[in-house]
Amino acid sequence: MAIQYGIRGTTAKGIAASVERRVTEGALGPGAALPPVRRLAEDLGVSPGTVATAYKELRGRGIVVTRGRGGTVVAPAPAVASRRPPRVPEGLRDLAGGHPDPRLLPALVPPSRLSPGSRSHRSTPRLARLEDATREWVGADGVPVEHVTFAHGALDLIGRLLSVELRPGDAVAMEDPGYHHLLDLVTALGLRIVPVAVDDEGVRPDALRGALRAGVRALVCSPRAQNPYGGCFSVTRRDALVEVLRDEPDVLVVENDHASAVAAAPLRSLAVSGLPRWVHVRTVSKFLGTDLRWAAAACDATTLARHDGRLLLTSGWVSHLLQETVHGLLTDTATRALVARAQETYEERRGALLRELGDRGIPARGTSGMNLWVPVRDESAVVNGLRSYGWWVAAGARFRLSSPPGVRITVAELEPADAAALASDFATVLGESEATYGG
């Protein structure tokens, strides 16, 4: 049996490493069942306790999950195998990546004031002028900005916070469908994901209430330009979510406002309501450049102390060269004008495709941001069908937990003139695959 599974080892660490290798290689895919503890122990000539310890280590690292009588199986998105998108086939229009249009990004010029490299910046990790610019930027939307901090991107900041606040096995409420890298990150930290459904107004209050009953200790959500669904908090929705969260003062609320300046939607932040534990995160990669790995966060005092305490022990600070570059762009008049044009352009492109799909009877979601989510029955049939017409879109599987299937289309580089052609081809693909897709 052990040979059949390709699992080897005589110690708990050796067995766990063997299972991890098999998962990494793809020999054990998501949902694959591992042999029962006693059977594997007998095959390997070790004690059941040794195998049980190996399985426990694998569970703690998010590689496997235990389903009661269903046994131990490889996790839906194991930490060693992230939901990386497939390579874009040559010759296709790439509408799958989620990236901004490079023609709407400013030129990145190194700052004229170079930070001296011979001294530590741990005592002054943040440039005061960038702190001021951040407070002006975030505070303009009503978010409290008494406490701000920086990180190397949203994933870096969120991962650091969750690792400080939670322990392996703790539950986190995550949007479904949601941002695949965040889903992978939470799994990699050994945390348990509780999916919360979303709609055009973002996280649904009933779904959040259910997740809180399940004991989640944190909520990660997007107030606008939700990826991939495109939802945006309305005032009514925000207030309803706040009402649900008021009874859970120990739950950390993480807002990932990743598209901010180009979301083409107002911010209705949960942070304005006086919740005790919260953090509002913003990045600049969608409108200043994908290589600018910088994030700003406004948060409560406890969250600030815990984040910065861990940052001090790891990278120490965010590069002052990077901070100088971000500050220069955030405060540059020409760059601000370019960002405003980018927001208008993405809104126009998103609206054009929504209209063209709607005219052909194809429902799509996307009230903000640069992505559309199109529900389908058979993701593979649609992705492969559009491929034959020269389009490459993202299958929804890597964004989903328990939500229905769909495909994500990034409109950032899709000119309105091309929207009709894509929508027409989409309708043709649905017709061609009607026998298996269902229309």
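Scroll up for the structure.
Computed from a prediction, not measured in an experiment: that's the story for all the values here.

Account for the environment of Ala 133, with residues named and values stated.
With respect to the secondary-structure elements, Ala 133 resides in helix H5 (residues 128-139). Spatially, the C-alpha atom of Ala 133 lies 7.5 Å from that of Thr 331, the residues being 198 residues apart in sequence. For Ala 133, the contacting residues outside a window of four places in its chain are His 327 and Thr 331.

Kindly report on the sheet that holds strand E7 (residues 202-203), identifying the contributing residues and their values.
The pairing of strands in a sheet comes from backbone hydrogen bonds and takes either a parallel or an antiparallel form. Read from one edge of the open sheet, eight strands run E4-E11-E10-E9-E8-E5-E6-E7, paired in mixed fashion. At either margin of the open sheet sits one strand with a lone partner, and together these are strand E4 (148-151) and E7. In this structure, strand E9 (residues 252-257) lies alongside strand E10 (residues 278-283), joined through five bridges in parallel fashion. Within the sheet, the bridge partner assigned to Glu 255 lies in E10 and is His 280. Across the face of the sheet, helix H6 (residues 154-165) comes into contact with E4, strand E8 (218-221), E9, E10 and strand E11 (295-299) while running at roughly 160° to E10.

Explain a negative patch on the surface to me, using residue names and the numbers behind them.
Judged by side-chain charge, Glu 243, Asp 247, Glu 248 and Asp 250 come together as a negatively charged surface patch. Relative to the helices and strands, Glu 248 is located in the loop between helix H9 (235-245) and E9. With a relative accessible area of 31%, Glu 248 lands in the partly exposed category.

Which residues make up the packing of aromatic side chains, and what values do they have?
Given two aromatic rings, their pairing is described by the distance between the two centres and the angle made by the two planes. Within the structure shown, the criterion is met by three aromatic pairs. If you follow Arg 282 out to its NZ or CZ, it ends over the ring of Trp 137, 5.1 Å from the centre.

Just give me the short version of the state of the cysteines, but keep the residues and values in it.
Within the structure shown, the criterion is met by zero disulfides. Of the cysteine sulfurs around Cys 299, a residue in no disulfide, the closest is that of Cys 221, at 15 Å. A residue is classified by how much of its surface remains accessible, and Cys 299, at 4% relative accessible area, is buried.

Residues and numbers for empty space enclosed by the protein, please.
Applying the stated rule across the entire model yields one cavity of 30 Å³ or more. Residue lining of the largest cavity: Pro 125, Arg 126, Thr 149, Phe 150, Leu 311, Val 318 and Gln 323, and that is the complete set. Broken down by class, the residue content of the lining of the largest cavity amounts to four nonpolar, two polar and one charged.

Analysis parameters
Residues numbered from 1 in each chain as written. Predicted model: local features only at pLDDT ≥ 70, side-chain atom pairs only at ≥ 80, totals over all residues. Heavy atoms only, no water. Helix = DSSP H or I, 4+ residues; strand = E, 2+ residues; numbered from the N terminus. Contact = heavy atoms within 4.5 Å. Pairing = 2+ DSSP bridges. Axes fitted to C-alpha atoms, helices over the stretch in contact; angles between N-to-C directions. Patch = residues over 30% accessible without salt bridge, like charges linked within 9 Å, V, L, I, M, F, W, Y side chains within 5 Å. Areas by Shrake-Rupley, 256 points an atom, 1.4 Å probe, with all protein chains shown as cover. Salt bridge = Lys/Arg side-chain N within 4 Å of Asp/Glu carboxyl O. Lys, Arg positive; Asp, Glu negative; His and termini not counted. Charge placed at Lys NZ, Arg CZ, Asp CG, Glu CD. Buried < 20%, exposed > 50% of the residue type's maximum accessible area, 1.4 Å probe, protein only. Phe/Tyr/Trp six-rings, centres within 6.5 Å; stacked < 30°, edge-to-face > 60°. Lys NZ or Arg CZ within 6 Å of the ring centre and 35° of its normal. Disulfide = S-S within 2.5 Å. 1 Å grid on protein atoms, 1.4 Å probe; cavity = no way out; pocket = protein on both sides within 12 Å on 5 of 7 lines; lining within 4 Å. Points joined across faces, edges and corners; volume = space filled by probe spheres on them. Nonpolar A, V, L, I, M, F, W, Y, C, P; charged D, E, K, R; others polar.

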